[in-house]
Structure formats: C-alpha cells, structure tokens
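Examination of the molecular architecture
The primary structure of each chain is shown beneath.
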Amino acid sequence: MFATLRQKFRNWAYSRTTETGTVKLTQRRIFIIPTRQGFMMVFVLVLMLLGDINYNLSLGYVLTFLLTMMAVMSMLHAFRNLAHLEIRAGRANPVFSGETARFVFHFNNPGRLSRYQLCLFRTGESFWRGGQPVIEFDAPAMLDTEVTFPLAATQRGWLKTGRMTLYTKFPLGLFYCWSYLYFDTSCLVYPKPLDDAPLPAGNSPDGSGKRTVTGDEDFAGLRKYTPGDALPRIDWKAYARERGLQVKQFSTQLGEELWLDYAETPDRNEEERLSRMARWVLDAESQGLRYGMRLPNGELPTGSGIEHRDECLQRIALFNLPLTATNPEHKGQP
Amino acid sequence: MNRQLTYGLLLCILMVVAPHADHLPLWVSALCGTLLAWRGYLAYTGNPLPGRWLLMLVTIAGVAGIAISFRSLFGREVGVTLLMLLATLKLMELHKARDAMVIVYLSCFIIITNFFYSQSIPTAIYLFATLIAIVTTWIQLQAQDMALKPRLRVAALLLLQAIPLMLILFVLFPRVEGPLWGLPQDAYSSSGLDDKMAPGSLSRLTLSEAIAFRVSYDDKVPQRDQMYWRGPVLWDFDGHTWTTGRSPYPVKPEFSNLDQDIGYTVTLEPHNKNWLFALDVPNRLSVPALVTFDFQVLRNKPVNTRIRYSAHSNMIYRANLQESQRELQRALRIPAQLNPRAQQLASEWRRDNADDAVIVRTALDYFNREGFQYTLEPPLLGINGVDEFLFTTREGFCEHYASAFVYLMRAADIPARVVTGYQGGEYNAIGNYYIVRQSDAHAWAEVWLKGQGWKRVDPTAAISPDRVERGLSEAVSDNAALPFMARNPPQWLRDLRLNWDTLANQWNQWVLGYDSERQFAFLRRMGMESITWQNIAINMLVAVGLMIAVFAAFMLRHLITRRPDKVQAAWLGFCQKLAKAGLPRSGHEGPLDYAARIAISRPELSRQLLDIASRYSTLRYGKAPDEQALREFLKRAATFKA
C-alpha cells in the first residue's frame with residue numbers, strides 16, 4: 001500500500017513538465033514529511049511523557065511540551081527555509097564528452113531571512129545510492145546565490161539535468177522538506193576529440209585557402225565592448241580618456257583555406273568519425289586556419305574564430321541526433 | 001566530526017550532568033568530570049579518540065563500580081547514575097552524525113532526571129539555559145558550517161515560539177494521576193519527623209531550614225502559642241528512645257465540648273511518611289485520611305508529592321474522656337529498673353498530692369525553679385538519661401523536657417505520652433501565610449486527667465516561654481549553631497526571603513501542584529462549562545492550532561513582503577537623479593549599457609557614471625559582496641550629482 005501511495009504521489013508531483021524562466025517555490029510545490037530522526041524524537045517524547053505522568057513531574061511536563069512544540073515549529077521553519085525562493089537556471093558552457101558539465105542555478109532569496117543548508121541533487125540519484133553527490137549550500141538574505149551543479153557528460157548532444165530535488169532538513173533534522181525543479185536547461189556536449197588525428201592536408205578545393213591568425217602580434221583596431229570580452233583586451237587607456245569601453249583587436253592574415261569533410265574521415269564508426277572531426281576543428285582553429293566543414297546533412301562555409309569553431313563543434317555534436325534532446329528519464333515518470 | 005560541534009555536544013552533556021554532581025557518588029562525579037575534560041582535550045588537540053577496547057573496559061568497570069556502591073542495578077538512583085556515566089562515555093565514541101544525534105536526544109532525556117531532585121524556580125531557569133545550548137548544538141548537526149550567532153538566533157526563536165504553545169499544553173493537557181507503574185523504593189527523598197525520638201533527634205532536625213509545610217488560615221488565626229501541629233504520637237519508652245509502638249486495639253477518638261473552630265489550608269511538602277499535620281483537634285479534612293485513636297491524621301499512602309488539604313480544628317476540646325483501660329495502661333509503662341531517682345521524685349509528689357492536676361503543676365514548677373536551661377547543644381546522657389538530665393546536667397532541648405516530663409508523670413501514675421510535631425511558624429505578610437520549617441520541629445507531652453481527657457502540657461514552655469511564644473531563635477541563647485536564617489537576620493534579608501518564599505509558594509501551588517483537580521478548578525474559573533477530558537483535549541488542539549497559524553502568518557509574512565535591498569534602493573536613487581537631469585534609463589538597458597550611453601552625452605560625468613554602474617553590477621550580480629565595497633558604493637551613489 002505504501003508503494004502505491006508513493007507511486008500516486010509521484011504521478012502527481014512529477015506531472016509538472018519542464019519549466020523555463022524563474023521558478024518561485026510556492027507552497028503548492030513544497031512537500032514535507034518527518035524523517036527517521038523525527039520518528040525517533042516522537043519515541044523519546046512519549047518516553048518522557050510517561051516519566052512525567054508516572055513521577056508527577058510538573059517541570060518534566062514543561063520540558064516535554066517545550067520539546068514537542070519546538071519539534072512542531074521546526075516543521076514551519078523547514079518549510080520557510082524553502083518557501084518563496086526564486087530559482088532560475090543559468091547557462092551551462094559546452095563541454096566535451098568525458099568532462100564534467102557545470103550547470104549553474106541562481107537561487108534568489110528575496111526575503112530578509114537567510115536560508116541555510118539547502119541541498120540539491122538529481123531526483124532518484126543521491127549520494128548514498130552511489131549517484132552524484134548532493135550539493136549543499138546556503139542562500140543568504142536578499143542575495144542571489146549562484147550554485148554550480150556538476151554532472152558528468154558521457155554522450156555528445158544536449159545534456160539535461162533532468163528533474164532535480166531541492167531539499168532541506170534545517171533546523172532540527174526532524175522534517176524533510178523538498179521541492180522538485182525541472183528546468184529546461186541543457187548543456188551542449190561535444191564529442192570527445194580523438195587524441196591523435198592529423199589535419200587533412202592540402203585538400204582545399206580552390207587551393208587558395210587563407211590562414212587567419214588572431215594573435216597578439218598586430219594591433220588591428222578597436223571595437224565596442226560587448227559583454228564576455230576578455231578583460232586584458234579592454235583598452236583601459238581609452239577608458240581612462242573617457243572614450244568608453246573599447247576592446248583591442250589583433251589579427252594577422254595568412255593565406256590558406258581548409259575543408260573538413262565527414263566523408264574523408266578514415267573511421268567506420270560514426271562516433272569515431274565525429275570525434276575525429278572535433279579534433280580537426282580544434283586543431284584547425286588553433287593553427288589559425290580558415291576552415292569549412294562538410295557533414296552529410298550539409299556544409300558550413302569557411303571561416304575562423306571562436307564563434308565559427310563553436311558552430312562547427314555544435315553541428316558535429318548534434319549530428320544525426322533527434323531534434324529533442326534525449327535524456328534517460330527516471331522511473332516513476334508517467 | 002567538526003571541532004565546534006564536539007564542543008557543543010560536550011557543553012550539552014556537561015550542562016545536564018552538572019546538577020547531579022552533588023548526589024552522585026563522589027567517584028562517579030569525578031569519573032564523569034575526568035572523561036569530559038579528556039574529551040575536551042582530545043577535541044582541542046585533534047588527537048584520535050580512544051580505542052574500542054579501552055572504552056569497553058571503562059564502561060564495564062564503571063557499571064561494576066556502580067553495582068558495588070549501590071549493591072543493586074535497579075532503582076532510580078542507580079538508573080540515574082548509570083545514565084550519567086553512559087552519556088559521558090558516549091561522547092568518547094563520537095564518530096558519525098548518528099552518535100551526535102543520540103547525544104542530543106540523551107541530553108534532553110537526562111534533563112528530566114534532574115527533576116527528581118529539584119523542581120524549583122532556579123531549576124526551571126536552568127532548564128531554559130540548557131535547552132538553548134542543546135538546540136544550538138542540534139542545529140549545528142544539520143548545518144555544520146553555520147556560525148554560532150545565527151544558530152543561537154534560530155534556537156532562541158524556536159524556544160520563544162515554543163513557550164506559549166507549551167503553556168497551552170501545560171494548562172490543557174489532560175492530567176493523569178500517576179503513578180502508572182510501581183515506583184522503586186528510593187523514588188522519593190524524605191526529611192522531617194520520624195516515628196521515633198531519641199535525645200538529639202529533634203535538635204538535629206531544627207538545624208534544617210527546609211520547609212515542612214505552609215499554612216494559610218481561613219479567617220481566624222490562633223495565638224502563636226496555640227499553634228501545635230500534631231505529628232507522630234510516641235508511647236513506648238525503652239530508657240533511651242521513644243517509639244510510636246502499636247496499639248493492638250485501636251478505637252475511634254471521641255471529642256466533646258468542642259469550640260473555637262479554626263479553618264486553614266496546609267500545603268505539605270513531601271516527607272515520605274503517612275501522617276498529615278493538623279492543629280489539635282482536627283474535625284474535618286478535605287482529603288481522605290484517618291484520625292487515629294491518638295489523634296494523628298494518617299493517610300493510606302505516604303506523602304511523596306506535595307499535597308494540599310484544608311481542615312478545620314477545634315482549639316477547645318475534651319478528648320477521649322472515656323479512654324480505654326488498655327491504652328491507659330500503655331501510657332503508664334516505664335522500664336522499672338532505670339532512672340531510680342526520677343521514680344523516687346515522682347513517688348514523693350504522688351505521696352504529697354492526690355490530685356493529678358496538682359502533680360502536673362508541681363512538675364512544671366520543678367522545671368521552672370531548678371535552673372533548667374534550654375539549649376540546642378545539651379551534654380550527652382548515659383544509660384539513666386532521665387536521672388542525669390533531671391539532677392545533673394539540667395540542660396536540654398525540647399525532646400529532653402518532653403521525655404523527662406512524660407517519664408515523671410508515668411512514674412507518678414498519671415497516663416502520659418510524648419507528642420512530636422511542629423510549633424509556631426514564620427508569618428509571611430506578603431503572601432499572608434505561615435511558613436513552618438523543620439527548625440520549628442517540637443516535642444511536647446499529653447497527660448490524661450480524669451474528667452478532662454487528654455490534655456496538652458508543654459514542659460518546654462515552663463523553662464523557656466519564648467520558644468512557644470516567639471520561636472526558636474528567641475529562645476536559645478547560644479544560637480550560633482542555628483542555621484543563619486533561623487537566627488535574627490537583618491530586616492531586608494528577611495523581607496527578601498519572604499518575597500522569595502511567596503513566589504516559591506505560588507510556583508508550588510500553580511506550577512508544580514497543577515494536577516487534574518487544579519486543572520478542573522482553573523478551567524471552571526476560566527468559564528469552561530462541561531469539563532470532560534475530551535473537551536479539554538479538543539480545546540487544547542484548537543488553541544495549539546490557532547497559535548501555530550498565528551506564528552505561521554508572522555513567519556511567512558516576512559517572505560512575501562519584498563523590499564528593495566539597500567543596493568537596489570541606492571541604484572534606483574542614482575537613476576532617478578539622472579532621469580531628473582533628462583537622462584532616463586530605458587527598461588531594456590543594463591547598468592553598464594546605460595552608463596556607457598549617457599557617458600557619451602555627459603562626458604564630464606562618464607568616469608563617475610561608469611564607476612558607479614560597474615560597482616552596482618558587481619554588488620548585484622557578483623559573488624559574495626564584502627562590506628567595504630557595499631559601503632563605498634552606497635556612499636558614491638548617494639553623493640552623486642547629475
């Protein structure tokens with residue numbers, strides 16, 4: 001009976017699908033049950049009450065009732081520790097397969113009370129079951145707390161956290177108060193690049209590839225600051241001259257162009273071929289080449305620079321995958 | 001295990017064990033103290049905890065030691081002692097969070113054992129201090145890295161919220177009359193009168209400041225020298241000790257010519273004996289009790305909790321005019337071969353006078369005339385104690401006088417017996433009641449006279465009228481032996497003590513003495529109509545529920561009201577200044593974009609603008625702002641002029 005009740009609860013609690021934007025923990029989304037320690041406490045309290053009655057200890061009644069009521073109030077405190085937190089998922093930077101993806105969540109505590117000992121883990125996986133560790137953190141009053149949730153990336157494509165459980169046992173550990181978070185946030189996982197894969201040489205279709213090196217050698221000019229620019233590249237002198245934030249650009253142009261073609265990869269296995277492609281892209285970029293890419297589902301014109309590299313890698317990562325990201329769901333999902 | 005947490009747990013155990021230190025066997029106190037100090041040292045130095053085998057050894061040795069010193073492993077004292085030892089030992093094996101939890105629960109439980117020994121107001125205050133310490137540590141079990149101050153705040157808040165809820169439960173929780181199961185023999189401590197009296201037993205008792213009972217009179221207050229609170233009546237004398245003995249054929253007492261009815265209420269401290277105290281002679285009692293053939297008031301079970309009863313007594317009476325021959329014979333028995341001189345003196349009096357009443361007066365005159373002294377520290381007496389006292393030492397306390405007087409009466413063929421009890425008391429004007437202490441313990445005599453029945457005679461009054469009229473401290477000259485407070489303390493100290501006792505009395509009546517009877521009376525006074533325990537329980541649940549709802553509303557209200565924080569407010573103020581200067585911020589603009597945009601139109605301000613904007617965005621979106629940066633930003637934003 002307990003199992004069916006649990007199943008029913010999950011069917012209901014999990015019915016919420018993925019969410020975007022900011023999630024506010026309203027009381028409808030917060031659940032609370034006593035812990036094993038809570039039941040132990042009940043046992044201790046009953047024992048104490050029997051002692052009070054038997055020995056007619058008035059102060060014993062005072063103590064027993066005080067503890068009982070502190071235990072009851074701790075339920076409210078546990079609830080308050082979660083209630084009205086505002087959570088939004090931040091960006092997760094792409095990683096290569098085999099690395100650890102870092103999902104960022106922002107826990108905004110708009111209230112004047114600090115929240116203590118919040119714990120976050122992937123629903124269904126927890127520390128003692130050999131899964132990912134539980135992330136523990138505090139959310140101080142009136143602050144936005146950034147929490148990084150690491151997750152091992154094992155497969156190329158979109159990696160999702162899946163449903164997460166945010167719980168707290170604060171302050172007395174007698175109640176387990178939790179809520180489910182199911183953000184539509186995902187981390188792009190590139191295929192793991194092959195260790196040793198020389199670039200295809202001299203295969204440029206027109207033979208006149210251009211090699212672009214963005215280096216520190218030659219100053220190419222200033223452009224307006226955009227968020228994300230590296231700090232050392234900001235022209236602080238110009239800023240000091242009150243010309244606003246400007247970013248220095250350096251570049252040198254050499255001449256060579258390279259096509260990276262899926263069909264030319266020597267491997268038989270699709271994943272290996274993609275891994276080789278990933279290596280090629282990285283190497284081509286680091287050598288400052290202009291490069292384009294051909295995949296069976298289309299080609300990407302030549303270019304260079306971080307943005308071009310990332311676009312190539314994304315194409316490779318998502319090649320031949322269904323449009324919606326696949327993420328193994330956990331049991332109990334309707 | 002976190003070091004601070006270990007200190008917290010140590011403090012918890014120390015606070016709950018410390019009140020027991022004075023009644024645990026000395027070696028157990030010393031062992032517990034050593035273990036705690038050792039554990040503190042280990043936590044301080046970070047050394048590893050002792051091995052399992054060593055702990056086992058100490059545990060077994062400790063339990064064996066307790067078994068030997070108490071000659072038992074059962075009973076309350078033994079249980080408490082074992083609990084103390086095991087709790088301190090548990091600290092030595094603190095490895096997992098579970099162990100810490102056990103210690104927290106254990107310390108909560110140990111607090112209760114302290115109430116076997118004391119439930120006074122200071123104990124209650126100490127209870128709260130202990131609870132704060134325990135809960136503060138308890139919170140650290142959940143949040144290891146939380147600083148002490150916020151933990152203390154949460155603990156205090158929990159405790160403060162629990163207090164009103166506790167009061168509701170305390171008042172309304174249906175009280176069950178204990179005990180639920182048989183209590184061990186040593187469940188109650190006792191001090192007070194005994195059912196036997198030897199020279200020195202009462203004077204020892206009068207050194208105690210402990211309160212025997214408190215009396216409030218309904219309307220009329222008797223004269224102080226009429227306040228004789230009757231306790232055990234002693235019949236049998238073996239030459240040294242008086243005992244109650246046993247009457248083979250007890251009959252009902254007969255009182256006649258009753259007059260001067262006095263009503264009063266007694267709050268009797270537990271003394272673990274069956275007798276209750278009443279003025280002579282009791283005629284009505286509010287609790288079931290038996291008035292014996294020698295006018296003692298006996299309950300069917302020992303008084304092992306504080307009880308309250310009201311009674312009426314008649315100060316004028318004739319008691320047992322028709323005493324049975326058997327009892328009169330008992331009241332004449334003396335060991336024939338002891339104290340020959342006293343027997344001779346009595347028979348001389350008898351030869352000269354036929355009238356019993358005259359002999360009684362002669363005896364009192366004798367005490368009065370022959371230079372007897374009233375003292376707390378009389379010389380020791382030998383086998384013919386009465387002779388030595390009457391003819392040689394002539395110094396004694398009330399038990400010597402009562403004993404010698406009854407002896408003389410019996411030798412003179414007048415039925416007599418010793419009555420012990422309390423005489424007088426201290427008036428507390430603040431609470432309008434009398435405090436009767438152990439130091440008011442007294443012994444007097446009763447003689448049976450034809451046509452008058454049993455009549456009280458107090459030989460002490462013949463030597464030292466002050467004793468019965470004004471109290472012990474007035475009567476004994478060498479009062480250095482008396483407890484400080486039984487002497488004559490300064491007035492302010494006396495007032496302080498009376499105030500304190502009034503408070504303690506209220507506490508006893510309303511907190512400690514709150515039983516089902518008091519509960520019903522209180523609820524009736526509060527206007528509750530049909531008082532059944534179901535009704536009380538329903539009321540209790542409703543009241544607790546409402547109170548929790550109020551707390552919930554208060555606690556969650558803080559979450560909902562949203563005030564811009566200081567940083568936000570300062571930023572908005574800054575934007576407003578610029579808006580007034582004709583440079584409003586558009587909704588989509590971030591702080592840096594905004595600053596960069598207006599820096600172009602107001603180049604002279606750009607430095608300041610960019611500075612404030614970047615400071616704002618660091619504080620707002622960056623990690624862990626520091627106080628210094630916050631203050632600097634607030635200052636700059638406030639002093640900015642567009």
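Shown above is the structure to which this text applies.
This text gives an overview of the structure that appears in the document. Because the structure is a prediction, the values reported are computed rather than measured.

Another aspect to go through is the overall build of chain B. Scanning chain B for helices and strands turns up 23 helices and 19 strands. Whereas a compact globule of 642 residues would reach a radius of gyration of roughly 26 Å, chain B reaches 37 Å, over 25% beyond that. Taken over the C-alpha atoms alone, chain B extends approximately 135 × 60 × 50 Å along its principal axes. The burial tally for chain B puts 35% of its 642 residues in the buried class. In chain B, the proportion of contacts linking residues at least 24 apart, taken out of those at least 6 apart, comes to 73%.

Contact residues are listed per partner, giving 47 residues for chain A and 56 residues for chain B. The element that contributes the greatest number of residues to the side of chain A that touches chain B is helix 3 (residues 58–82) of chain A, accounting for 17 residues.

Turning to the packing of helix 2 (residues 36–55) of chain A against helix 3 of chain A, a few remarks are in order. Helix packing geometry: the angle between the two helix axes and the distance between the axes. Residue and element names in this part refer to chain A. The N-to-C vectors of helix 2 and helix 3 enclose an angle of 160°; their axes lie 9 Å apart at closest approach. Relative to helix 3, the element helix 2 is oriented roughly antiparallel. Pair helix 2 / helix 3 crosses with left-handed handedness. Between helix 2 and helix 3, the residues in contact are Met41, Leu45, Met48, Leu49, Gly51 and Asp52 and Gly60, Tyr61, Thr64, Leu67, Thr68 and Ala71, respectively. Residue classes in the contact of helix 2 with helix 3 are distributed as seven nonpolar, four polar and one charged.

A word on unusual backbone geometry. Along the chain, Phe170(A) connects to Pro171(A) via a cis peptide bond; the corresponding omega equals 5°. With respect to the element layout, Pro171(A) can be found in the loop between strand 10 (164–168) and strand 11 (175–181). Here the residue pair Asp280(B) and Val281(B) is connected by a cis peptide bond, since its omega of -20° sits within 30 degrees of zero. Position of Val281(B) relative to the elements: it lies in the loop between strand 8 (278–279) and strand 9 (282–285). At Asn56(A), a position not held by glycine, the phi torsion is positive, near 55°. Counting through the fold element by element, Asn56(A) comes out in the loop between helix 2 and helix 3. By C-beta crowding, Asn56(A) is classed as buried, having 21 other C-beta atoms within 10 Å. Positive phi, normally seen in glycine, also occurs at His84(A), with a value near 65°. Examined against the element boundaries, His84(A) turns out to sit in the loop between helix 3 and strand 3 (86–89). C-beta crowding within 10 Å serves as the criterion here: with 21 such atoms nearby, His84(A) is assigned to the buried category.

Cut-offs used in this document
Residues numbered from 1 in each chain as written. Chains lettered and ligands numbered in written order. Predicted model: local features only at pLDDT ≥ 70, side-chain atom pairs only at ≥ 80, totals over all residues. Helix = DSSP H or I, 4+ residues; strand = E, 2+ residues; numbered from the N terminus. Rg over C-alpha atoms; globule rule 2.2 N^0.38 Å. Buried ≥ 20, exposed ≤ 12 C-beta atoms within 10 Å, placed from the backbone. Contact = placed C-beta atoms within 7 Å. Axes fitted to C-alpha atoms, helices over the stretch in contact; angles between N-to-C directions. Parallel < 35°, antiparallel > 145°, perpendicular 65-115°, else oblique. Left-handed = near helix turned anticlockwise from the far one by under 90°. Nonpolar A, V, L, I, M, F, W, Y, C, P; charged D, E, K, R; others polar.

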